Amino acid sequence: MNIIAQERPAFLTTGPKKMLIDGRWVEAASGKTFETVNPSTGEAIATIAEGEREDVDRAVAAARKAFDEGPWRKFKPHDRQEILLKLADLVDRNFEEFALIDALEMGEPITRRKNARRRVLGLIRYYAGMATALHGETVENSMPGGDFTSYTLREPVGVVGAIVPWNGPMVSWIWKLGPVLATGCTAVYKPSEEASLSALRLGELLCETGIPDGVVNIVPGFGHAAGAALAEHPGVDKIAFTGSVETGQKILMASAGNLKRVTLELGGKSPDIVFADADMELAVPGAAMACFGNTGQVCSAGTRLIVEQSVYDEFNERLADFSKTLKVGNSLDAETQIGPLVSKKQLDRVSGYLDLGRSEGARVLSGGERLSDPDRANGYFIPPTVFRDVKPEMRIAREEIFGPVVSTMPFTDMEEVARRANDTHFGLGSGVWTRDVSKAHYLAKNIRAGSVWINCYQMMDPAMPFGGYKMSGYGRESGTAQFDDYLNVKAVWIRTA
Ligand code: NAD
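Everything numeric here is computed off the predicted structure, so don't read it as measured data.

Rules used throughout
Within every chain, residues take consecutive numbers counted from 1 along the sequence as written. Where totals are concerned, whole chains, interfaces and linings use all residues; where local detail is concerned, this predicted model gives features only for residues with pLDDT of at least 70, and gives and counts side-chain atom pairs only at 80 or more. The basis for every side-chain value is the complete set of heavy atoms in the structure, and neither hydrogens nor water enter the calculation. Whether a residue is buried, partly exposed or exposed follows from its accessible area with a 1.4 Å probe, protein chains only, as a fraction of its type maximum: under 20%, in between, or over 50%, in that order. Here a helix means four or more residues in a row that DSSP labels H or I, a strand means two or more in a row labelled E, and each is numbered from the N terminus. Only heavy atoms matter for contacts: two residues are in contact if any of them lie within 4.5 Å across the pair. Any N or O atom pair separated by 3.5 Å or less is treated as a polar contact, with the protein-specific requirement of one donor-capable and one acceptor-capable atom, and with residues adjacent in sequence counted only for side-chain atom pairs. Joining through side-chain atoms within 4.5 Å is the link that ties buried Ala, Val, Leu, Ile, Met, Phe, Trp, Tyr and Cys residues into a set, and such a set is a nonpolar core. As annotated, the domain borders come from an automatic or database domain assignment. Buried area: the accessible area, evaluated with a 1.4 Å probe, that two parts lose upon being put together, summed over both parts. Salt bridge, as used here, is a side-chain nitrogen of Lys or Arg placed within 4 Å of a carboxyl oxygen of Asp or Glu. Proximity criterion: a residue is near a molecule or strand once any of its heavy atoms comes within 4 Å of it. Here, Shrake-Rupley sampling with a 1.4 Å probe gives the accessible areas, and only protein chains in the shown set may cover a residue. Residues are grouped as follows: Ala, Val, Leu, Ile, Met, Phe, Trp, Tyr, Cys and Pro are nonpolar; Asp, Glu, Lys and Arg are charged; all remaining types, including Gly, are polar.

A.B. asks: How would you sum up helix α14 (residues 414-421)? Please name residues and give values.
C.D. replies: Looking at α14, one finds that the buried residues are E416, V417, A418, R420 and A421. Buried-residue contacts for α14 involve β12 (270-274), β13 (302-308), β16 (405-411) and α15 (437-446). Capping the start of α14, D413 holds a side-chain oxygen 3.2 Å from the backbone nitrogen of E415, two or three residues further along.

A.B. asks: Quick one: what's the story with the nonpolar core, residue by residue and with numbers?
C.D. replies: Soluble globular proteins tend to pack their nonpolar side chains together in the buried interior. Among the nonpolar cores identified, the biggest contains 94 residues, and V91, V120, W173, L181, V274 and F315 are the most heavily contacted of them. Counting contributing residues, this core receives three or more from each of domain 1 (10-266 + 473-492) and domain 2 (271-462). Each residue touching L181, except ones within four places of it in the same chain, is listed here: W72, R80, L84, L206, I211, V215 and V216. Core analysis: the second largest hydrophobic core is formed by 28 residues, I273, F275, V405 and A418 among them.

A.B. asks: Outline the domain arrangement of the protein chain, listing residues and values.
C.D. replies: On domain assignment, one finds that the protein chain holds domain 1 (10-266 + 473-492) and domain 2 (271-462). The interface is formed by 29 residues belonging to domain 1 together with 30 residues belonging to domain 2. Note on domain 1 versus domain 2: buried area summed over both sides is about 2200 Å², and carbon and sulfur give 56% of it. Three residues, P39, S40 and W166, lead the burial of domain 1 against domain 2; their summed loss comes to 24% of the area buried on that side. At the boundary of domain 1 with domain 2, the tally comes to 0 salt bridges. Linking domain 1 with domain 2 are 9 residue pairs in polar contact (both at pLDDT 80 or more), by the criterion used here. Secondary structure elements with two or more residues in the side of domain 1 that touches domain 2: α3 (95-106), α4 (110-114) and α5 (117-131). The dominant element in the side of domain 1 that touches domain 2, judged by the number of residues it contributes, is α3, at 5 residues.

A.B. asks: Describe the side chain of S323, naming the residues involved and giving the relevant values.
C.D. replies: For S323, the position within the fold is in helix α11 (residues 312-325). The class for S323 is buried, based on a relative accessible area of 3%. For S323, the side chain forms a polar contact with the main-chain oxygen of L319, separated by 2.7 Å.

A.B. asks: Summarise the site of the ligand; cite the residues concerned and give the values.
C.D. replies: Near the ligand lie 27 residues; those nearest to it are V164, E193, S244, L266 and E400. Here an oxygen atom of the ligand sits 3.0 Å away from a polar atom, N or O, in the side chain of K190. With respect to the ligand, the side chain of E193 contributes an N or O atom lying 2.7 Å from an oxygen atom. The fraction of the free accessible surface of the ligand (840 Å²) that becomes covered by protein chains is 87%. Of all the secondary-structure elements, those providing two or more residues to the shell around the ligand are α8 (223-232), β10 (238-242) and α9 (245-254). Taken together, the residues that form the shell around the ligand break down as 13 nonpolar, 9 polar and 5 charged.

Written out as C-alpha cells, the structure is:
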C-alpha cells in the first residue's frame, strides 16, 4: 500500500464542525451533533452540528433577508462574478485539502479526486462567466392601436433550498450554488449526512470572498429533519434537489404548500450498448469504467450493458478480465482505482443485490462478494462485479444498485436494442460503442435519455447540460438551460406613441 497522506487537514482537527447561518458559524439550536465515518476503515473522522427544523428556520430567514433587503441586491453581475472568481482561486490553492477530505469522508480514491481539479475550477469559472452573460431580450410585438416597446427582464427566483447526495460533494455544491451566485439568488444548502465536510470547507472559503452575510447558508443534517423542513418551508422559492426518486417524490409533495419551483436530478439505470463493430480496445475499459467509476456511485453509470450477440461471449470475457485488474482499496492509497462504498448502509444494500442477482439466475464473472481480507475487513469494499446472462425482467436489470455492479445482456438487431435501451422508467445517461456512424446517429435520436455518449462515457463539461428524462427528473445542471430554473422572466410593456 502506498498511503500518500497520513496527516489530517487542519480543518478536521479543529473540533466539531458548525453550520453557516447569516455569515456566522454556529452550533445546532438543539446542540445535537452526528459523526461522519471513513468508509475505508469504518473509523469516525469528524463530528458535525446536526441541523433540524429550527436551524432551517434561522437559515431561511437569513437567506430571505439577504435576498429581500441585503446589500446583495445591489451587487452588479460583475460583482457576483468577482465573488465566484475569488472562490475559484481559493479552491485552487486549497485543492489538495479538498481531495483529502473527500477521500476520507466519501471514499473516492485520492488520485481520482486530485485529477478533478480542472473540472471543479472550470465549473466555478463557468458560473463566474455566466454572471455577466445572462440577459433578457427585446421582443417585436404586433399590438394594434399605438406603438409599444416590449422587452423581458430575467430576475433571480429568490431563496433556493439545495438538497444533495454524497457521491460528488464538491461538484454538487458548485452545480447548486454556482447558478445561485451567478443569478443573484440566495440559498440554504443541505449537504448529505454522509459527506458534509467539503461543503462546509467550501463555505469557509466562500466567506473569505467578501460575500454578504446570509447569501449562502449551510445546514448539515439528516433528510427526514433538515431536508424535509427545507422542502416544505414557505420562505423558500425553489428547491434544487439531487438524490433518489423516492426522496424526489417526497420533495415534490412537500413543496406544494407554496408552489415552489422544483428541479430534480434523480437516479438512473443507464443502457450502454456495444456493437460487434466497436473498437474493443476502447469499448472494454470504457464500458467497465462507465459502471465502476466512483465505485458505481454515479447516477448516470452505465449499468445495463447491452452487447451484440455475435461478440457477447468474447466481450464478457474481456470485461471480466479487465475488471479483475482494477485495484480496490483504501481511498488514500495512490494506486487505488476503486474505493469503498460510502457507508455500511450502502454496503448492505449492494450486497443484497449481489445475492439477488445470483438467485435470479444471473452468472457472476468477476467480483460478487464483499472483500474481507485483513486490510479491507473494516471498510465497505465490493469489487467490480460482472453479471452475465441477465434477463431484462430481472430486478438487477431494472433497479438502481448504486454500486460497482454491471448486468450484461445480448441483443441481435437495431430495433430491439433501441426498445431494450428504453425499457426502463429512468432516462439519465446512455452509451453506444460502434464504428458505424448511422447506428450512432440512430441511437442518439432514439434513446430517451438526457445524455448519449458515443464511443465515450460520462463526458461532462460546464457548457453542456446534464439531466434526466422520465423518472430521472427534470431541470438541468450546467449549460445555459440551467439558468432558466433560477430566473423568473418578467414581461415589460411601454407605450411609446
Ligand atoms: P437520498 O434521496 O436518500 O438523499 C439525497 C439527499 O436528500 C440527502 O441530502 C438526504 O439527506 C436528503 N433527504 C432524504 N430524505 C429527505 C426528505 N424526506 N426530504 C428532504 N430531503 C431528504 O439519495 P442518496 O442515497 O443520498 O443518493 C443516491 C441517489 O441519488 C441515487 O438514486 C442517485 O442516482 C441519485 N443521484 C442523482 C444524481 C443526478 O445528477 N441525477 C447525482 C447523484 C446522485
